[in-house]
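# Understanding the architecture of this molecule
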Amino acid sequence: MGGPRRIVLLGATGSIGASTLRVVATHPDRLRLAGIAAHSNWRRLSEIAREFSVSEVAIYDAAACREARASGAFPEGTRILEGAEGLSEISTLASADLVLVAVVGTAGLEPALAAIAAGKDLALASKEILVMAGKFVMEAARAKGTRILPVDSEHNAVFQCLEGHPGSGVRRIVLTASGGAFRDWPAERMEKATPEDALKHPNWNMGRKVTVDSATLANKGLELIEAQWLFNLRPEQLTAVIHPQSLVHCLVEFNDGAMLAQLAPSSMTFPIQHALLYPERAGGVEPPIDFTRLVRFDFRPVDLDRYPMMGLATDAMKAGGVAPAVFNAANEVAVEAFLAGRIPFLAIPRIVGNALGRTPNFEPRSLADVLEADAQARRGAAEDSLNLK
Ligand code: NDP
Ligand code: MG
């Protein structure tokens, strides 16, 4: 296939978006931006549109979209699409080869399904999509023969380790977790942890939601569930380990006991580039790990008392049905309340645990079933967060 691969980037103004722009700028002969989308930050979108000559833009928020159209900030001839429909429309552009979904939360679900239906390749950073609707997204991808390229660093790492190995030979997959901002805090101190404390991630520079999820390890829980769908594994084949350096991103253990690991510096440009250029390997944006300097790899088990969200996520994964969607929805509400200073840090697992205990579990027959469970969990969690101040 000649010519650069043409990318639609959903979440262009975010943290993954910024790393993606660095990758695209490094490979102008191989990658082009065909479309960009965000929630409301149209000023940043207009800068990106100019710098990368993008003429297709989608803005979720209606008021921001109106402002953008009236602003004159975009290059002449730019089409500015609005709302959820706009996001889905930009994901099916005839001029696009691949859609990278990097919006926070579940707003990427419909566009991801639209991209699959339109025969686009899909690169997934937004883990919430497979956690909520893995069954339906994977079914749609299988039916269309769509390739899903994982961008989340651990899943991208697993994808790389599994290449050329039949799934029947895999015994177990271990995802590494940095342990987040509080990994070395005494347990008593966590009671008083503030949003500012939680947002100080030791290794990765990421959006606010995923940084808090790293501090609770909910992020790793979501990733175990995500891995289950991406790699067609049973819950008991998936586990996590704390690895404070964030240089080893996964371990894949085969039936004979041999393990493969994937290593790269803790920057998202590595997995993003791998997914966008796949299967080609080209020079990276940043230098690799320098083994001529002192490099250490430590591993330690996850302490479930310190990280109760890990236990809840594992239970939700084992339960299946709508439980993972309930876990995800309640967590989103709780993290938002924590970031807004409305609940203490340790209320997050209580709210999620209550949601899982309260919502009846069942096997969803349609996406509508999942969305209903999601909405119910959100309502309960919102009420709970008022009581758990
Ligand atoms: P950020 O908070 O930095 O950015 C979020 C992006 O999503 C922004 O561009 C935002 O637009 C956009 N967005 C939010 N809601 C909507 C919506 N309804 N419609 C359209 N766009 C929307 O998040 P991250 O980049 O950190 O994370 C994005 C996703 O990638 C998450 O699912 C996260 O779990 C996942 N991920 C992130 C990693 C990281 O290193 N950051 C690592 C692995 C996975 P606006 O600026 O206008 O609000
Ligand atoms: Mg990750």
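Please refer to the structure placed before this passage.
For the structure given in this document, a descriptive report is provided here. Along each chain, the written sequence defines residue order, and numbers are assigned to residues from 1. Each chain gets a letter, beginning with A, and each ligand a number, beginning with 1, in the order they are written. The predicted nature of this model means local features are confined to residues of pLDDT at least 70 and side-chain atom pairs, given and counted, to a pLDDT of 80 or more, with totals for whole chains, interfaces and linings taken over all residues. Values shown for side chains rest on all heavy atoms present in the structure; no hydrogens or waters enter the calculation.

## Considering the site of ligand 1
Around ligand 1 sit 25 residues in total, of which T13, S15, S40, N41 and E128 are the nearest. We call two N or O atoms a polar contact when they sit within 3.5 Å, provided that within protein one can donate a hydrogen and the other can accept it, with sequence-adjacent residues counted only if both atoms are side-chain atoms. Contacts to ligand 1 include G14, whose backbone N or O atom sits 3.1 Å from an oxygen atom. Between ligand 1 and V104, the relevant distance is 3.5 Å, taken from an oxygen atom to a main-chain nitrogen or oxygen of the residue. Alone, ligand 1 offers 890 Å² of accessible surface; in the complex the protein occludes 87% of this. Residue classes follow a fixed rule: Ala, Val, Leu, Ile, Met, Phe, Trp, Tyr, Cys and Pro count as nonpolar, while Asp, Glu, Lys and Arg count as charged, and any other residue, Gly among them, counts as polar. Considering only residue class, the shell around ligand 1 consists of 13 nonpolar, nine polar and three charged. Summary of the distance rule: residues count as near a molecule or strand when at least one heavy atom falls within 4 Å of that molecule or strand. Shrake-Rupley sampling with a 1.4 Å probe provides the accessible areas, and residues are treated as covered by the protein chains on show and by no other component.

## Comments concerning a nonpolar patch on the surface
A cluster of nonpolar side chains, contributed by L263, F291, F297 and F299, occupies part of the molecular surface with about 370 Å² of accessible area. Secondary structure elements are taken from DSSP: a helix is a run of H or I of four residues or more, a strand is a run of E of two residues or more, and numbering for both begins at the N terminus. Locating F299 in the fold gives a position in the loop between α11 (269-277) and α12 (308-319). For F299, a relative accessible area of 39% translates into the label partly exposed. Only residues above 30% relative accessible area that lack a salt bridge enter a patch, with like-charged residues linked at up to 9 Å and the nonpolar side chains Val, Leu, Ile, Met, Phe, Trp and Tyr linked at up to 5 Å. Each salt bridge in this description consists of a side-chain nitrogen of Lys or Arg and a carboxyl oxygen of Asp or Glu lying within 4 Å of one another. Here the term buried applies to any residue with accessible area under 20% of the maximum for its type, exposed to any over 50%, and partly exposed to those in between, with areas from a 1.4 Å probe on protein chains only.

## Here's the deal with the nonpolar core
Within the largest apolar cluster, 134 residues are counted, with the highest numbers of intra-cluster contacts made by L33 and I36. Contacts were defined at the residue level, with two residues in contact if any of their heavy atoms lie within 4.5 Å. Discounting residues that sit within four places of it in the chain, L33 has contacts with I7, L9, L21, V24, I48, F52 and V54. Among buried residues, those of type Ala, Val, Leu, Ile, Met, Phe, Trp, Tyr and Cys that are joined through side-chain atoms within 4.5 Å constitute a nonpolar core.

## Quick word on the coordination of the magnesium ion (ligand 2)
Ligating atoms shown are N, O and S within 2.8 Å of the metal, or 3.2 Å for Na, K and Ca, and water is not included, meaning a site may look less than complete. The protein atoms that coordinate the magnesium ion (ligand 2) are D152 (OD), E154 (OE) and E223 (OE), at distances of 2.1 to 2.2 Å. Each donor residue of the magnesium ion (ligand 2) lies on one chain, and together they are spaced D-x1-E-x68-E. With D152 in the loop between β7 (148-150) and α7 (153-162) and E223 in helix α10 (residues 218-230), the pair connects residues that are 71 residues apart, well separated along the chain.

## Re the pairing of strand β8 (residues 170-177)
The buried count for β8 comes to six of eight residues, which makes it a mostly enclosed element. The pairing of β8 with strand β10 (residues 248-254) spans five bridges and is classified as antiparallel. By the bridge assignment, R172 is partnered in β10 with E253. Strand pairing follows a simple DSSP-based rule, namely that at least 2 bridges must link the two strands. Direction of pairing for β8 relative to strand β9 (residues 238-242): parallel, over a ladder of five bridges. If you follow L175 over to β9, its bridge partner there is A240.

## A word on helix α13 (residues 323-339)
Helix span, as expected, comes to 1.5 Å for every residue beyond the first. Across its 17 residues, α13 extends 24 Å between first and last C-alpha, which sits within 8% of the 24 Å expected from 1.5 Å per residue. Most of α13 is tucked away, with 16 of its 17 residues classed as buried.

## A short note on the packing of α13 against helix α15 (residues 367-387)
Each axis is a line fitted through C-alpha atoms, and for a helix only the stretch in contact is used; angles between axes span 0 to 180 degrees, taken between their N-to-C directions. Interhelical geometry of α13 versus α15 gives an angle of 35 degrees and a closest axis separation of 8 Å. Note on packing geometry: the crossing formed by α13 with α15 is right-handed. Contacts between α13 and α15 involve A325, V326, A329, A330, E332, V333 and A337 from the first element and V370, A373, D374, A377, R378, A381, A382 and S385 from the second. By residue class, the composition of the contact of α13 with α15 is 11 nonpolar, one polar and three charged. The handedness criterion is simple: a crossing whose near helix is rotated anticlockwise from the far helix by less than a right angle is left-handed, and one whose near helix is rotated clockwise is right-handed.

## Things to note about the pattern of salt bridges
For the coordinates displayed, the defined rule picks out 26 salt bridges. Among the salt bridges present, the one from R44 reaches E47, with a minimum N-O distance of 2.8 Å. Residue R44 and its partner E47 are both found in helix α2 (residues 42-52); the two are separated by three residues, about one turn of the helix. Here R44 falls in the partly exposed class, since its relative accessible area comes to 28%. Across the salt bridge formed by R300 and D184, the nearest N and O atoms sit 3.2 Å from each other.

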